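# Survey of secondary and tertiary structure
Take a look at the letters that make up each chain.
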Number of protein chains: 2
Amino acid sequence: MNTTPLTLDEIYNLAHDCLTQNGADQANADALSNTIMTAERDGSHSHGLFRLPAYVASLRSGKVKGNAAPKAEQVTPALVRVHGDNGYAPIAHEVGIPLLAEAAKNLGVGVLAISHVHHMAALWPEVEALAEHNLVGLACTPYMPAVAPAGATKPLFGTNPLSFAWPRPGKSPVVFDMATASMAMGEVQIAAREGHDVPMGTGLDKNGAMTTNPNEIADGGVLLPFGGYKGSAIAMMVELLAAGLVGENFSFEAKEGDNGDGGPPQGGQFILAMSPAMIATDNWDDHCEGFFNKLTGLDGVRLPGERRHKNRLSDAPRQINTPLVEKIRSLMD
Amino acid sequence: MNTTPLTLDEIYNLAHDCLTQNGADQANADALSNTIMTAERDGSHSHGLFRLPAYVASLRSGKVKGNAAPKAEQVTPALVRVHGDNGYAPIAHEVGIPLLAEAAKNLGVGVLAISHVHHMAALWPEVEALAEHNLVGLACTPYMPAVAPAGATKPLFGTNPLSFAWPRPGKSPVVFDMATASMAMGEVQIAAREGHDVPMGTGLDKNGAMTTNPNEIADGGVLLPFGGYKGSAIAMMVELLAAGLVGENFSFEAKEGDNGDGGPPQGGQFILAMSPAMIATDNWDDHCEGFFNKLTGLDGVRLPGERRHKNRLSDAPRQINTPLVEKIRSLMD
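Residues numbered from 1 in each chain as written. Chains lettered and ligands numbered in written order. Predicted model: local features only at pLDDT ≥ 70, side-chain atom pairs only at ≥ 80, totals over all residues. Heavy atoms only, no water.

## Here's the deal with the overall build of chain A
Within chain A, the regular secondary structure consists of 13 helices and 12 strands. By the compact-globule yardstick of 20 Å for 333 residues, chain A fits well, its C-alpha radius of gyration being 20 Å. Projected onto its principal axes, the C-alpha coordinates of chain A cover approximately 55 × 45 × 40 Å. Within chain A, buried positions represent 58% of all 333 residues. Here the analysis covers contacts within chain A between residues at least 6 apart in sequence; of these, 65% occur between residues at least 24 apart. Surface summary for chain A: the accessible area is close to 12,900 Å², and the carbon and sulfur share equals 50%. Of the charged side chains in chain A, 24 are positive and 36 negative; the average position of the first set lies 3 Å away from that of the second. (Helix = DSSP H or I, 4+ residues; strand = E, 2+ residues; numbered from the N terminus. Rg over C-alpha atoms; globule rule 2.2 N^0.38 Å. Buried < 20%, exposed > 50% of the residue type's maximum accessible area, 1.4 Å probe, protein only. Contact = heavy atoms within 4.5 Å. Areas by Shrake-Rupley, 256 points an atom, 1.4 Å probe, with all protein chains shown as cover. Lys, Arg positive; Asp, Glu negative; His and termini not counted. Charge placed at Lys NZ, Arg CZ, Asp CG, Glu CD.)

Dropping the structure here:
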């Protein structure tokens, strides 16, 4: 593959220059460039520079504000609401996460309800930020209809990611961040191109029949939730928490209101934080290390997030797809 | 099948008589008989009278206290801890759920951390009780090691059920209550008896290989989580919330401490409650009905909990397995 080595600083600066030249102010460009850089740092290429052209498209179309100034409201000591001012999600997190962490430390539990944001990044940064405060974090957001509920043949749910972080003082947290879709449509397209079957349950063909042929899913078919009707229930829960409970767009509403510029639609996000130090006994940390030791002692098991945290340790340049770098440069005057 | 028709009152009284004759006091027998009766009422036979012999076994062995008097502690305005006094879970819910509901109504969110209980019932009663207060409920509990984490071939996770209820004022809530195991070992045994294959991913044979032959899973093999590595992450989250966060036994610890009498081990339970009226806008209810209309408008989709709530409407006698009724009667002098 044709790649260009870029240091983490170069990745950050490339994103920052591109964003500011396309209408983002310093604060918004800082937050979003950091999100992009940390994704590349951790090896999450699909959430790194790859997303930048879509971010730029929505700045240019005016759908997303490059000078968003999110505002927080402390509704109760345990509940924080953030209005994202129709910017990208990371700057709303900068406003809301510290207040959420404070709430959870004081009361044992807190909720952050974010509205009027556009979220197209990974969901681990916000829960890892909570884990750095020795808090448990759980976050989810809907997207646009792409997944058929179990039993149905038409899309209604978004890919609806759900992330969770468990703090381990002095160590990297245990973190998962997963789409509740069986896989991304992009992965289905890659399987089609490479001639691999996908597992039964990944999706339906255009007639609504189960298929392992990725071409039949990509060509007018639909994705399914992971794990059959149980995963479908989790995908539904994400809609209810991040849209119903937050008072923002369900996936189907997000699509109805979107201008189709390729960037993320307006939506909300639900983030929960809890304090093991306050809820469990004093010894919570050692107690959980016993569990993690049992888990990692099993052959074949890797803790969720482990690979990403290992990638993070390297300060070597990252190999970035060269046509992508050229495309990003073409977005700057 | 050989069945005996019993009215809901007769089911309640049969359970109550059997429990009081085996060491339960009035309050404990009331709570547990109600749990058993409501399971039969809703058609959840596997959580109804079927569990009574195991409940009795643990009362007789002394593992579970029939005169448990759970005590609540209001740790913060948003956090309630209940010490179950080593009784069955339903009487701890009677103490804790009203305090949790009050916390969530006042602050938008509340956590109930229950320790020192023995839980072998369904998990929908506690979240439906929250939905009756127009609150969102989420609950989970570990059990005993029965499920191999994704990638492993040895059990570590319990069947680790997770339940969720979404309130619909004036209507039945939307409720799911599911094991994070692919299926119960009892269901695997039924498939073996009836000569059906089980889906790939249900479990492993005794050599750790994937199999669709239920005999190979039941005969020294192991169950897997639902939905592959994503479901495995959810099963891990249940261990962390209901054991790590509550400060109680992980599934593997529960087994180590259990006397093997066939009843449920000592463990904890995590219950979260949130108020849509406080977190979302005023119009939360209508907004969510729009989503449910879209969902039920898709061919092939049924809302989780719908079948149970339909069963509930009938006041006809329930058909109870006659050998089970005889076995229960034999447990009384």
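## Brief notes about the nonpolar core
In terms of nonpolar packing, the biggest core is built from 108 residues, with A:F270 and B:F270 touching the most fellow members. Not counting the four nearest positions on each side in its chain, A:F270 is found in contact with A:V111, A:L112, A:L138, A:A139, A:C140, A:L241, A:A242, A:L245, A:V246 and B:M274. (Core = buried A, V, L, I, M, F, W, Y, C linked by side-chain atoms within 4.5 Å.)

## Here we look at the relation of the copies chain A and chain B
Think of it as a corkscrew move, a rotation about one axis and a shift along it, taking one chain copy to the other. When chain A is fitted onto chain B, the two copies agree to an RMSD of 0.0 Å after a turn of 180° and an axial shift of 0.0 Å. Accordingly, the operation relating the two chain copies is best matched by a two-fold axis. Considering only C-alpha atoms, the residue of chain A closest to the rotation axis is A:G227, which sits at 1.8 Å. Same-surface contact between copies: 100% of interface residues of chain A are shared with the interface of chain B. (Least-squares fit on C-alpha atoms with pLDDT ≥ 70 in both.)

## Describing the interface of chain A and chain B
Interface size is commonly expressed as the accessible surface area that is lost when the partners come together. Contacts between the two partners involve 73 residues from chain A and, on the opposite side, 73 residues from chain B. Between chain A and chain B lies a buried interface of about 5,500 Å² when both sides are counted; carbon and sulfur atoms form 82% of it. One can count 0 salt bridges joining chain A with chain B. Counting the contacts that link chain A with chain B gives 16 residue pairs in polar contact (both at pLDDT 80 or more). Its residues assigned to classes, the side of chain A that touches chain B comprises 49 nonpolar, 15 polar and 9 charged. (Buried area = accessible area lost by both parts, 1.4 Å probe. Salt bridge = Lys/Arg side-chain N within 4 Å of Asp/Glu carboxyl O. Polar contact = N/O pair within 3.5 Å; in protein donor to acceptor, adjacent residues only side chain to side chain. Nonpolar A, V, L, I, M, F, W, Y, C, P; charged D, E, K, R; others polar.)

## Concerning the pattern of salt bridges
A side chain of one charge can pair with a side chain of the opposite charge if their charged atoms are brought near each other. Residues and elements named next belong to chain B. Summed over all chains, the structure comprises 22 salt bridges over all chains. We note a salt bridge from E289 to R168, for which the minimum N-O separation is 2.8 Å. Of the two residues, E289 sits in helix α11 (residues 284-296) while R168 sits in the loop between β6 (162-166) and β7 (174-178), which places them 121 residues apart along the sequence.

## So, the sheet that holds β7(B)
Residues and elements named next belong to chain B. Overall, mixed pairing links the 7 strands, which are arranged β2-β3-β4-β11-β5-β6-β7 in an open sheet. Single-partner strands in this sheet number two, and they are β2 (71-76) and β7. Adjacent strand axes in the sheet meet at a mean angle of 15°, parallel and antiparallel pairs treated alike. Two elements, strand β3 (residues 79-88) and strand β4 (residues 109-118), share 7 bridges in a ladder whose sense is parallel. From the neighbouring strand, Y88 faces β4, where its bridge partner is H118. Strand contacts of helix α4 (residues 89-107): β2, β3, β4 and β11 (266-274), with the helix running at about 170° to β4, the strand carrying the most contacts. Sheet contacts for helix α5 (residues 124-131): β5 (136-140), β6, β7 and β11; angle to β6, the most-contacted strand, approximately 20°. (Pairing = 2+ DSSP bridges. Axes fitted to C-alpha atoms, helices over the stretch in contact; angles between N-to-C directions.)

## Considerations on the environment of A:G203
With respect to the element layout, A:G203 can be found in strand β8 (residues 203-204). Leave out the neighbours within four places in its chain, and A:G203 touches A:A209, A:M210, A:T211, A:I217, A:V222, A:L223 and A:L224.

## A word on the side chain of B:T76
Turning to its location among the elements, B:T76 is positioned in strand β2. A distance of 2.7 Å separates a polar side-chain atom of B:T76 from the backbone oxygen of A:L107. In this view, B:T76 contacts A:N106, A:L107 and A:M278; residues no more than four positions away in its chain are not counted.

## A word on the sheet that holds β8(A)
All names here are of chain A. Judged by pairing direction, the sheet is antiparallel, and its 3 strands sit side by side in the order β9-β8-β10 without closing on themselves. Each end of this open sheet is capped by a strand with a single partner; those strands are β9 (210-211) and β10 (222-223). Strand direction decides the pairing type here: β8 and β10, joined by 2 bridges, are antiparallel. Bridging from a neighbouring strand, G203 pairs with L223 of β10.

## Quick notes on helix α6 (residues 185-194) of chain A
Owing to its 3.6 residues per turn, the α-helix brings residues three or four apart onto one side. Residues and elements named next belong to chain A. Buried within α6 are the following residues: V188, A191 and A192. Seen from one end, α6 has its buried residues packed into an arc of 100°, which puts them on one side. Next to the buried residues of α6 lie α7 (214-218) and β10. (Arc of directions from axis to C-beta.)

## Looking at the confidence of the model for chain A
Summarising the model, chain A shows a mean pLDDT of 96, and 100% of its residues fall at 70 or more. Per the prediction output, this complex has pTM 0.97; the corresponding ipTM is 0.97. (pLDDT = per-residue confidence, 0-100.)

## Some points on the packing of helix α1 (residues 8-20) of chain B against helix α3 (residues 52-61) of chain B
All names here are of chain B. For the pair α1 and α3, the least separation of the axes is 10 Å and the interaxial angle reads 20°. Relative to α3, the element α1 is oriented roughly parallel. For α1 against α3, the interelement crossing comes out right-handed. Across from A15, C18 and L19 in α1, the residues of α3 making contact are L52, Y55, V56 and L59. When the residues that make up the contact of α1 with α3 are grouped by side-chain class, the tally is 7 nonpolar, no polar and no charged. (Parallel < 35°, antiparallel > 145°, perpendicular 65-115°, else oblique. Left-handed = near helix turned anticlockwise from the far one by under 90°.)

## A word on the environment of B:K71
Residue and element names in this part refer to chain B. Take K71: it is sitting in strand β2. By relative accessible area, K71 is classed as exposed at 59%. Sequence spacing of K71 and G84 is 13 residues, and the spatial spacing of their C-alpha atoms is 6.7 Å. Not counting the four nearest positions on each side in its chain, K71 is found in contact with R81, V82 and H83.

## A word on the packing of aromatic side chains
Evaluated as defined, the whole model comprises 15 aromatic pairs over all chains. Their ring planes at 35° and their centres at 6.4 Å tell us that A:F157 and B:F291 sit as a pair that is tilted. Remark: B:F291 occurs in helix α11 and A:F157 occurs in the loop between β5 (136-140) and β6 (162-166); the pair is interchain, linking two chains. We note that A:F157, like B:F291, is buried. Here A:F291 and A:F292 contribute two aromatic rings whose centre-to-centre distance is 5.7 Å and whose plane-to-plane angle is 55°, an arrangement assigned as tilted. Among the residues examined, A:F292 registers a relative accessible area of 1% and is labelled buried. Taken together, the aromatic side chains of A:F157, A:F250, A:F252, B:F291 and B:F292 make up a single cluster linked through ring pairs. (Phe/Tyr/Trp six-rings, centres within 6.5 Å; stacked < 30°, edge-to-face > 60°.)

## A short note on unusual backbone geometry
The backbone of B:D85 sits at a positive phi, close to 55°, despite the residue not being glycine. Topologically, B:D85 is positioned in strand β3.

## As for the pairing of β11(B)
Residue and element names in this part refer to chain B. Within β11, 8 of the 9 residues are buried, leaving the element largely enclosed by the surrounding structure. Here 5 bridges tie β5 to β11, and the two strands are oriented antiparallel to one another. Opposite C140, over in β11, you have F270 as the bridge partner.

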